[in-house]
Amino acid sequence: MNIQKVMVIGAGQMGGGIAQVCAQAGYDVLLNDLKDEYLDRGIAVISKNLSRSVEKGRMAEEDKTAALANITRSTDLQDAVDVDIVIEAAVENMKIKTEIFQKLDVIVPAHAILATNTSSLPITEIAAATKRPNQVIGMHFMNPVPIMKLVEIIRGLATTDEVYNTVEKMTKDLKKSPVEVNDFPGFISNRILMPMINEAIYSLYEGVATKEAIDDVMKMGMNHPMGPLQLADFIGLDTCLYIMEILHEGFGDSKYRPCPLLRKYVKAGWLGKKTGRGFYEYA
């Protein structure tokens with residue numbers, strides 16, 4: 001199958017980044033969100049990212065202009081009537097995602113692929129909300145999308161080889177590196193990353209070391225570009241807690257039990273960089 005037209009649902013950090021790389025690759029992109037103001041913000045960020053690439057000599061001005069011209073705004077899912085693939089990057093909530101997929105299933109053409117950028121939710125469960133579970137797949141981009149090369153491609157129980165191969169080819173066309181993953185809680189990236197972050201939080205909670213010391217050990221000792229507590233702040237502590245709960249529920253193993261300190265910070269509204277305070281404070 002040849003993909004030419006893409007709808008990206010969600011103009012936030014992830015959806016905007018996905019729309020940007022698709023537009024840069026020459027795809028006709030519909031960027032969809034609930035309100036025009038969300039689209040205004042998303043497209044402003046895309047334009048800023050592209051301008052920065054021009055300033056650094058990574059892109060010509062005409063390429064920036066062409067990429068922006070490839071993006072069309074949308075506030076109506078009905079606009080997906082002639083797309084070849086939808087990549088959903090809405091909030092990480094199963095009810096919201098399944099409702100979106102139920103609506104899309106009726107709107108998009110029979111050949112269209114429905115992909116979700118979920119970081120932890122079961123692809124098979126999302127696919128079950130449609131009458132085309134064989135055409136539903138996970139495309140988990142890493143953040144920030146324009147920079148990070150990895151895309152986890154997650155097969156649902158019914159996903160066909162044809163759909164997987166089409167999505168794998170598209171991923172390579174986006175100049176990304178696809179990795180095939182089966183449908184298990186947290187997939188690979190978050191199944192490994194989030195317990196590490198959770199253990200770092202336990203180390204702080206139990207008084208093993210200060211937050212700075214914990215992060216320094218992982219940066220200088222393990223050559224991580226960012227310490228786990230700082231990384232948790234950047235991801236969002238509410239997101240970290242949510243994924244740990246998915247892992248704990250999915251596997252039923254106490255090793256995935258979220259640290260009480262993580263729960264306390266989330267209840268306090270200390271969600272990390274986006275709220276100005278998490279394990280660190282941000283101006």
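Since the model is a prediction, treat every value here as computed from it, not as a measurement.

Note the cis peptide between N143 and P144, where omega equals 0 degrees. Following the sequence through the fold, P144 ends up in the loop between β6 (136–141) and β7 (150–155). Its identity is not glycine, yet F187 carries a phi of approximately 55 degrees, on the positive side. Owing to a relative accessible area of 2%, F187 belongs among the buried residues under this scheme. Backbone geometry at N223 places phi at a positive 60 degrees, although glycine is not the residue there.

Let us look at the sheet that holds strand β4 (residues 85–88). The strand order across the open sheet built from eight strands is β3-β2-β1-β4-β5-β6-β7-β8, with neighbouring strands paired in mixed fashion. Since the sheet does not close on itself, it has two edges, and those belong to β3 (71–74) and β8 (177–182), each with one partner. Neighbouring strand axes in the sheet, compared pairwise and without regard to direction, differ in orientation by 25 degrees on average. The sheet strands contacting helix α6 (residues 161–173) are β1 (5–9), β4, β5 (113–116), β6, β7 and β8, and the helix crosses β7 at an angle near 170 degrees.

Judged by side-chain charge, K48, R52, K56 and R58 come together as a positively charged surface patch. Along the chain, R52 turns up in helix α2 (residues 36–55). Given a relative accessible area of 37%, R52 falls into the partly exposed group.

Per the UniProt record, the feature "domain: 3-hydroxyacyl-CoA dehydrogenase NAD binding" (unreviewed entry) sits at residues 5–183. Split by type, residues 5–183 is 41% helix and 22% strand. Its first and last C-alpha atoms lie 26 Å apart.

Bringing the packing of aromatic side chains into the picture now. Scanning the model with the defined rule gives five aromatic pairs in all. Note on F234 and Y282: the rings are 6.2 Å apart at their centroids and 85 degrees apart in plane angle, and the pair reads as edge-to-face. Within this pair, whereas F234 is found in helix α9 (residues 228–235), its partner Y282 is found in the segment after α11 (260–268), the two being separated by 48 residues in sequence. Residues Y265 and W270 carry aromatic rings whose centres are separated by 5.2 Å and whose planes lie at 80 degrees to one another, so their mutual orientation is edge-to-face. Owing to a relative accessible area of 15%, Y265 belongs among the buried residues under this scheme. An aromatic cluster is built from Y265, W270 and F279, whose rings are joined through pairwise contacts. Here K211 stacks its cationic end above the ring of Y280, 5.6 Å away from the centre of that ring. For R277, the ring lying beneath its charged end belongs to W270, and the centroid distance is 3.7 Å.

Attention shifts here to the side chain of Q20. By the element assignment, Q20 lies in helix α1 (residues 13–24). Within the local environment of Q20, its side chain forms a polar contact with the side chain of N49, the two groups lying 3.1 Å apart. Non-local contacts of Q20, meaning those with residues more than four positions away in its chain, are made with I46, N49, L50 and P146.

Attention now moves to the pairing of β1. Burial runs high along β1: five of the five residues are buried. Bridge count between β1 and strand β2 (residues 28–32): five bridges; the pairing is parallel. Across the sheet, V6 pairs through a bridge with V29, a residue of β2. Of the strand pairs in this sheet, β1 and β4 are connected by four bridges, and their pairing is parallel. Its bridge partner lying in β4, I9 is registered against E88.

This part is about helix α8 (residues 211–221). Among the residues of α8, I214, D215 and M218 are the ones counted as buried. Considered in projection along α8, the buried side chains sweep an arc of 95 degrees and stay on one side of the axis. Along α8, exposed side chains directed more than 90 degrees from the buried face belong to M220 and G221. The inward-facing, buried residues of α8 contact α7 (189–205) and α9. Positioned one or two residues after α8, N223 has a phi angle of 60 degrees, which is positive.

Our focus in this paragraph is the packing of α7 against α9. For the pair α7 and α9, the least separation of the axes is 9 Å and the interaxial angle reads 115 degrees. At the point where α7 passes α9, the crossing takes the left-handed sense. Facing α7, whose interface residues are L193, M194, M196, I197, A200, I201 and L204, α9 presents P228, L229, L231, A232 and I235. For the contact of α7 with α9, the class distribution of residues is twelve nonpolar, no polar and no charged.

Conventions adopted
Residues numbered from 1 in each chain as written. Predicted model: local features only at pLDDT ≥ 70, side-chain atom pairs only at ≥ 80, totals over all residues. Heavy atoms only, no water. Helix = DSSP H or I, 4+ residues; strand = E, 2+ residues; numbered from the N terminus. Buried < 20%, exposed > 50% of the residue type's maximum accessible area, 1.4 Å probe, protein only. Pairing = 2+ DSSP bridges. Axes fitted to C-alpha atoms, helices over the stretch in contact; angles between N-to-C directions. Contact = heavy atoms within 4.5 Å. Patch = residues over 30% accessible without salt bridge, like charges linked within 9 Å, V, L, I, M, F, W, Y side chains within 5 Å. Areas by Shrake-Rupley, 256 points an atom, 1.4 Å probe, with all protein chains shown as cover. Salt bridge = Lys/Arg side-chain N within 4 Å of Asp/Glu carboxyl O. Lys, Arg positive; Asp, Glu negative; His and termini not counted. Charge placed at Lys NZ, Arg CZ, Asp CG, Glu CD. UniProt positions renumbered as here; feature names shortened; annotations may be inferred. Phe/Tyr/Trp six-rings, centres within 6.5 Å; stacked < 30°, edge-to-face > 60°. Lys NZ or Arg CZ within 6 Å of the ring centre and 35° of its normal. Polar contact = N/O pair within 3.5 Å; in protein donor to acceptor, adjacent residues only side chain to side chain. Arc of directions from axis to C-beta. Left-handed = near helix turned anticlockwise from the far one by under 90°. Nonpolar A, V, L, I, M, F, W, Y, C, P; charged D, E, K, R; others polar.

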